[in-house]
Amino acid sequence: MEPDYSAQDVARCDLCKTAIAQSYCDFCHVNLCKPCIGAHISDEYDKHKIVPIHQRKSTLIYPKCETHPNKTCEYQCKDCNIPVCSDCIVAKQHNKEHEFIKLEEVFNAKKKQIQRVTEDLEKQFLPAYEDIANDLELQIASLDGEYKKLSTEMLRQREEKHREVDNAFNQMEKEIGEIKVKHKRILQKHLDEIKQLQSSMLQTLNALNEVEESNEVSATINYSCKTEEFSKLPPKVIVSMPKFIPNQIKREELCCLIGKLSPLSTILEERVFTAKEPNTSVRELLDEPELLNTINTGHKNLRSVACHNDDQIWTSGGTGDIKCLNIQGVLQKTIKTKSGDIPLDIAVDTTGALLYCDMKTRTVYKVKNDQTEEIIVLQRWRPSQLCVTSSGDLLVTMFSDGETQSKVIRYSGSTVKQTIQFDDEGQPLYSGNVYIKYITENRNLDISVADYEAGAVVVVNQAGKLRFRYTGHSSPTKNKPFKPRGITTDSQNCILTADRDNHCIHIIDIHGLFLRYIDNCDLSCPYGVCVDSNDTLFVCEYLKGSVKKIRYSK
């Protein structure tokens, strides 16, 4: 089988119908296998043109003339815009004053136009539409988070309104208690007056009884009966009970009182297409990558390297020290992690601040101007590796307690913008039982994760949709299983990942196609990697504690 053809589109010979065609008659337009070429040209017809099959259709197929069936139309009338043959040009029925042009010229001009349109579609419009689709997918992916924020805000307001209502009812309860005391005081006053009258009445009764039983004439005759004050009953005290009179609030009024949701609005904003400038800085991979420098960091178990600028790098390893060195290897600064534990990964943000992950405290820290602050604190998850995106967002890989699940979270500051964990079938994108998952963002906004345990580089688009998995490249000299560690990308959208056990770097393209190894610079246990603005590669050597600076493109 010819290498240019896959199994589904292999060409068969049009004569024998079975053999694979290696040649093509560009005049008769038939596929030919080698044995059938002789039979095809045996008629000694001098216009046969046998070419390799991948060069077929280099001869133009002209249309037959409707007026002169034995002729082909090799010209076009510019006035009538129809194909004509040589006989039509001289025939009386066609206007001799019309202008004619060769169909080959029209054909070539049209081909060039088609090529331009094809190039515009492939290089301009298709990427523009892909960016739009990615943006929409990202918006859809972030909907759950945005609406959760809305619900959380409404819940907060709900609790606040409940507190206000409770406070209002508590105030009413207090007023009821005060009214009750006043009510009781009024009734008690009248009760005391009645009891006083009762006491006076009892005293009068006792006096009357004594007079009634007395035999003394003078005392009985002179006794004065004073009952007038008892004859008029005291007034009846009526104190009305207070009543609770609830206000009848209609649902619409209650909704207005609580607040309201703004309506969902849709605006179609006109997009202005801006053609992308052609990439004039295309770089080619060197046949032999060149070792420029070896920087001794002094780290034990060197894990991570991040470019501060083209002159400085940050490094971290098996201790709580994070070191900044210049490219000559001179130590510029040392920062100790807040917990004293090793940082699992480091990165530098767009302001030049250092970021690092601390698995022990479940925290991502930011260090700027020698001040350390917590920017992300996790619960039930531990941060692993991180990278700063072109937009300034932070991508963090993390694993659950028990190391059963892994995911990628996109943060804007400390706010979650996106979660990437499952594919379209609901299956985990990443293995869950090892924390080594270095991460990087490509220039086309793809997100690449070096999943050590899965033995794969897992690449998703900006919206978190799986694009491909790269599981290594077969080579007789690389006999250890592919277990990627560090990962980075360059200006050409190439993905570079460290293969520690095979002592090399894999370079793959934007679609996951293997391009080459970097294995000639005496690399020993490569781990963390990064590239600077000139596409110079920095590689951590895990056991040696050195960073190798490598030029691999030009």
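Residues numbered from 1 in each chain as written. Predicted model: local features only at pLDDT ≥ 70, side-chain atom pairs only at ≥ 80, totals over all residues. Heavy atoms only, no water.

Caption draft 1: Representation of the overall build of the protein chain. Each helix and strand in the protein chain was counted, giving six helices and 30 strands. Projected onto the principal axes, the alpha-carbon positions of the protein chain cover approximately 180 × 80 × 45 Å. Look at the contacts in the protein chain between residues 6 or more apart in sequence, and 44% of them connect residues 24 or more apart. Counting every atom, the protein chain has about 35,300 Å² of accessible surface; 51% of that belongs to carbon and sulfur. (Helix = DSSP H or I, 4+ residues; strand = E, 2+ residues; numbered from the N terminus. Contact = heavy atoms within 4.5 Å. Areas by Shrake-Rupley, 256 points an atom, 1.4 Å probe, with all protein chains shown as cover.)

Caption draft 2: Broad picture of the packing of aromatic side chains. Under the definition given, this model contains seven aromatic pairs. Seen in terms of ring centroids, Tyr356 and Tyr365 are 5.1 Å apart; in terms of plane orientation they differ by 25 degrees. Their pairing is stacked. For Tyr356, a relative accessible area of 1% puts it in the buried group. Among the residues examined, Tyr365 registers a relative accessible area of 3% and is labelled buried. Seen in terms of ring centroids, Tyr438 and Tyr527 are 6.1 Å apart; in terms of plane orientation they differ by 80 degrees. Their pairing is edge-to-face. Highlighted residues: Tyr438 in strand E20 (residues 437-441) and Tyr527 in strand E28 (residues 526-531), separated in sequence by 89 residues. In terms of burial, Tyr438 and Tyr527 fall into one category: buried. Within the aromatic cluster, the residues linked to one another by ring pairs are Tyr438, Tyr527 and Tyr542. When the ring centre of Tyr517 is taken as reference, the NZ or CZ atom of Lys478 above it lies at 4.5 Å. (Phe/Tyr/Trp six-rings, centres within 6.5 Å; stacked < 30°, edge-to-face > 60°. Buried < 20%, exposed > 50% of the residue type's maximum accessible area, 1.4 Å probe, protein only. Lys NZ or Arg CZ within 6 Å of the ring centre and 35° of its normal.)

Caption draft 3: Representation of unusual backbone geometry. In this structure, Arg380 takes a positive phi of about 65 degrees despite not being glycine. For Arg380, the location among the structural elements is in the loop between strand E15 (371-377) and strand E16 (381-388). For His503, which is not glycine, the phi dihedral falls at a positive 55 degrees.

Caption draft 4: Up close: the side chain of His183. As for its position among the elements, His183 is in helix H3 (residues 103-213). Of the residues examined, His183 reaches a relative accessible area of 14% and is grouped as buried. Residues contacting His183, with those up to four places away along its chain left out, are Val239, Ser240 and Met241.

Caption draft 5: The arrangement of the environment of Thr319 in detail. Among the secondary structure elements, Thr319 is positioned in the loop between strand E9 (312-316) and strand E10 (321-326). For Thr319, a relative accessible area of 33% puts it in the partly exposed group. Counting along the chain gives 18 residues from Thr319 to Asn301, while the straight-line C-alpha distance between them is 8.5 Å. Residues in contact with Thr319, not counting those within four places in the same chain, are Ile342 and Pro343.

Caption draft 6: Layout of the pairing of strand E13 (residues 354-358). Taking burial as the measure, the five residues of E13 include five buried ones, the bulk of the element. Judged by which residues are buried, E13 turns out to be covered on both faces: Leu354, Tyr356 and Asp358 on one side and Leu355 and Cys357 on the other are all buried. Bridging between strand E12 (residues 346-348) and E13 involves three bridges; their strand directions are antiparallel. Residue pairing for E13: Ile346 is matched across the bridge by Tyr356. Following E12, the chain reverses through five residues before pairing antiparallel with E13; Gly352 in that reversal takes a positive phi of roughly 90 degrees. Two elements, E13 and strand E14 (residues 363-368), share five bridges in a ladder whose sense is antiparallel. Bridging across to E14, Tyr356 finds its partner in Tyr365. Taken together, E13 and the strand that follows it, E14, pair antiparallel across an intervening segment of four residues, in which Arg362 is found at a positive phi of about 60 degrees. (Pairing = 2+ DSSP bridges.)

Caption draft 7: The confidence of the model for the protein chain, seen in detail. Here the protein chain averages 86 in pLDDT, and 95% of its residues register 70 or above. Confidence, expressed as mean pLDDT per element, reaches its minimum in the protein chain at helix H5 (residues 228-231) with 72 and its maximum at strand E25 (residues 495-499) with 97. When the criterion is pLDDT under 50, residues 1-8 qualifies, and its contacts beyond four places in sequence or with other chains add up to nine contacts. (pLDDT = per-residue confidence, 0-100.)

Caption draft 8: Fine view of the pattern of salt bridges. One pass over the structure, following the stated rule, counts 20 salt bridges. We note a salt bridge from Arg382 to Asp401, for which the minimum N-O separation is 3.5 Å. Linking Arg382 in strand E16 with Asp401 in the loop between strand E17 (394-400) and strand E18 (406-412), this pair joins segments that are 19 residues apart in sequence. Residue classification places Arg382 among the partly exposed positions, given a relative accessible area of 22%. Taking relative accessible area as the criterion, Asp401 reaches 37% and is therefore assigned partly exposed. Notably, a salt bridge pairs Lys548 with Glu541, separated by 3.4 Å at the nearest N-O pair. In this pair, the class of Lys548 matches that of Glu541, namely buried. (Salt bridge = Lys/Arg side-chain N within 4 Å of Asp/Glu carboxyl O.)

Caption draft 9: Spatial organisation of the state of the cysteines. If you walk through the whole model with that rule in mind, you get zero disulfides. Cys13 takes part in no disulfide bond, and the closest cysteine sulfur to it belongs to Cys33, at a distance of 3.8 Å. The exposure class assigned to Cys13 is buried, which follows from its relative accessible area of 1%. For Cys36, which is in no disulfide, the shortest distance to another cysteine sulfur is to Cys33 and amounts to 3.4 Å. (Disulfide = S-S within 2.5 Å.)

Caption draft 10: Up close: helix H6 (residues 251-258). Burial analysis of H6 places just zero of its eight residues in the buried class, which makes it a mostly uncovered element. Immediately downstream of H6, the backbone of Gly259 shows phi near 140 degrees, a positive value.

Caption draft 11: Inspection of the sheet that holds strand E21 (residues 447-451) at higher detail. If you trace the four strands from one edge of the open sheet to the other, you get E20-E21-E22-E23, paired in antiparallel fashion. Two strands in the sheet have a free side with no partner beyond their single neighbour: E20 and strand E23 (466-470). The mean angle between the axes of side-by-side strands here comes to 15 degrees, regardless of whether they run parallel or antiparallel. As judged from the five bridges shared by E21 and strand E22 (residues 456-460), these two strands associate in the antiparallel manner. When the sheet's bridge partners are listed, Val449 is paired in E22 with Val458. (Axes fitted to C-alpha atoms, helices over the stretch in contact; angles between N-to-C directions.)

Caption draft 12: Seen up close, the pairing of E22. In terms of burial, E22 is a largely internal element, five of the five residues being buried. Judged by which residues are buried, E22 turns out to be covered on both faces: Ala456, Val458 and Val460 on one side and Val457 and Val459 on the other are all buried. Hairpin connection between E21 and E22: a loop of four residues separates the two successive antiparallel strands, and Gly455 in this loop has a positive phi of roughly 65 degrees. The turn joining E22 and E23, which pair antiparallel and follow one another in sequence, is formed by five residues; a positive phi near 90 degrees is taken by Gly464.

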